[in-house]
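# Observations on the three-dimensional arrangement
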Amino acid sequence: MLFTGIADSEQLTILTKALNDHCLACGIANESEREMIAMLVMSLFNNGATSAEE
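Residues numbered from 1 in each chain as written. Predicted model: local features only at pLDDT ≥ 70, side-chain atom pairs only at ≥ 80, totals over all residues. Heavy atoms only, no water.

### With respect to the layout of surface pockets
As a volume, the largest pocket reaches approximately 250 Å³. Around the largest pocket sit 14 residues that line it, and Ile-14, Leu-15, Thr-50, Ser-51 and Ala-52 are the ones nearest its centre. Secondary-structure elements contributing two or more residues to the lining of the largest pocket are α1 (9-26) and α2 (31-46). At five residues, the largest contribution of residues to the lining of the largest pocket is made by α1. (1 Å grid on protein atoms, 1.4 Å probe; cavity = no way out; pocket = protein on both sides within 12 Å on 5 of 7 lines; lining within 4 Å. Points joined across faces, edges and corners; volume = space filled by probe spheres on them. Helix = DSSP H or I, 4+ residues; strand = E, 2+ residues; numbered from the N terminus.)

What follows is the structure, encoded as structure tokens:
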């Protein structure tokens with residue numbers, strides 16, 4: 001399967017929840033730190049991760 005970095009609405013919901021849950025659990029509130037985590041989440045998504053658990 002080819003991953004393009006484009007998420008549909010369902011995938012975007014999962015990605016957003018994964019980001020928010022991780023940041024909350026780790027006490028990350030700084031916007032620049034959240035952006036770095038978001039880039040890591042997108043990298044995982046682009047490499048085939050399809051769930052928050054992955």
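### Things to note about the state of the cysteines
Applying the stated criterion across every chain yields a total of zero disulfides. Note on Cys-23: no disulfide assigned, nearest cysteine sulfur contributed by Cys-26 at a separation of 7.5 Å. (Disulfide = S-S within 2.5 Å.)

These figures come from the coordinates and say nothing about function on their own.
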